[in-house]
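The lines below spell out each chain.
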Amino acid sequence: AGVCATFMRGIDLGVIDRLELEALLGRELPQYKKGLLRLFGRPGYIRHALHAGSEPPASAIALDFVNVHRGFWDLRDADERALFAATTDLILAEPRFRIPGTSHFLVSAENPLNKMIHKIAAPAYQGRSSWPTFNVEFADRMLEHDEHAGTDRYRSCAQDILRDIRTATEMHGGYQELLSEAGQKYRTWAYQGAVAHSWFPRFLSVWRRAFGTSLLNGS
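All of these numbers come straight from a predicted model, not from anything done at the bench.

Each value, and the rule that gives it
- Residues numbered from 1 in each chain as written.
- Predicted model: local features only at pLDDT ≥ 70, side-chain atom pairs only at ≥ 80, totals over all residues.
- Heavy atoms only, no water.
- 1 Å grid on protein atoms, 1.4 Å probe; cavity = no way out; pocket = protein on both sides within 12 Å on 5 of 7 lines; lining within 4 Å.
- Points joined across faces, edges and corners; volume = space filled by probe spheres on them.
- Nonpolar A, V, L, I, M, F, W, Y, C, P; charged D, E, K, R; others polar.
- Phe/Tyr/Trp six-rings, centres within 6.5 Å; stacked < 30°, edge-to-face > 60°.
- Buried < 20%, exposed > 50% of the residue type's maximum accessible area, 1.4 Å probe, protein only.
- Salt bridge = Lys/Arg side-chain N within 4 Å of Asp/Glu carboxyl O.
- Helix = DSSP H or I, 4+ residues; strand = E, 2+ residues; numbered from the N terminus.
- Axes fitted to C-alpha atoms, helices over the stretch in contact; angles between N-to-C directions.
- Parallel < 35°, antiparallel > 145°, perpendicular 65-115°, else oblique.
- Left-handed = near helix turned anticlockwise from the far one by under 90°.
- Contact = heavy atoms within 4.5 Å.

1. A few points about empty space enclosed by the protein
Point 1. Applying the stated criterion to the full structure yields one cavity of 30 Å³ or more.
Point 2. Of the voids in this model, the largest cavity is the one considered here, and its volume is about 40 Å³.
Point 3. P132, I165, A168, T169, G174, Y175, Q176 and L179 together form the lining of the largest cavity.
Point 4. Looking at the lining of the largest cavity residue by residue, the classes come out as five nonpolar, three polar and no charged.

Pasting the structure below:
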């Protein structure tokens, strides 16, 4: 999904010609995307990897399936909405995806297999941690789903996500790159989490979409 979104962004920016790219791929981009969805969405939800075995569905998905702004999903398409909703419902129903008592969603229900250096120096960085950037996009995809489906299925959950990000941002004095499984600043002896100011305007725009009003005066 990240590669496909990069292709589309590259075309928009004029980095590569669409016809040239499609010639290299051997197919048109819509066909390429449908193939990815069929492959990773074969069980009816989006798996994080193709080597998933007999583990339960919640262990085979990750929050980064939501991708980023202007990314992979086109929720005007009913089939894509169904895949998104099925994956979202699995995440919402699994307590291990959530920092207890909050709507901060962790990257995965359990830590993925990491190299030894990751396990020692930065445990949980790619699994049992909460990335506000992915949570903002999760909220935005929920709102987009509801707009195109004509429902309010996920709006309240999206609003809860944004409220909790606001609370964490105010508490920590900045928009953190990621939070620990306990909802604190992510800190290990080898890695100090950054304050991700560049993403804050994105948070503000999704807040406006969710609540119909600006969070900050003049934003």
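That was the structure; now back to the text.
2. Looking at the packing of aromatic side chains
Point 1. Under the criterion given, the structure shown has 18 aromatic pairs.
Point 2. Here the aromatic rings of Y125 and W131 are separated by 5.1 Å at their centres, their planes lie at 80°, and the arrangement is edge-to-face.
Point 3. The class for Y125 is partly exposed, based on a relative accessible area of 22%.
Point 4. Plain terms: the ring middles of F200 and F203 are 5.5 Å apart, the flat faces sit at 45° to each other, and that makes the pair tilted.

3. What to know about the pattern of salt bridges
Side chains that carry opposite charge are capable of pairing whenever their charged atoms lie near each other.
Point 1. By the definition in use, this model includes 18 salt bridges.
Point 2. A salt bridge links R166 to E170, with the nearest nitrogen and oxygen atoms 3.0 Å apart. On the criterion of helical spacing, the pair formed by R166 and E170 is a turn pair, its members being four residues apart in helix 7 (residues 155–172).
Point 3. On the basis of relative accessibility, which here comes to 55%, the residue E170 falls in the exposed class.
Point 4. Each of E137, D140, R141, E144, E147, R202 and R209 takes part in salt bridges that share partners, so that together they form one network.

4. Looking at the packing of helix 6 (residues 132–149) against helix 8 (residues 200–211)
Point 1. One way to put it is that helix 6 packs onto helix 8 with a least axis distance of 10 Å and a crossing angle of 30°. Between helix 6 and helix 8, the crossing angle belongs to the class labelled roughly parallel. Crossing handedness for the pair helix 6 and helix 8: left-handed. Of the residues in helix 8, those in contact with V136, E137, A139, D140, R141, L143, E144 and E147 of helix 6 are R202, F203, V206, R209 and A210.
Point 2. Within the contact of helix 6 with helix 8, the residues separate by chemical class into six nonpolar, no polar and seven charged.

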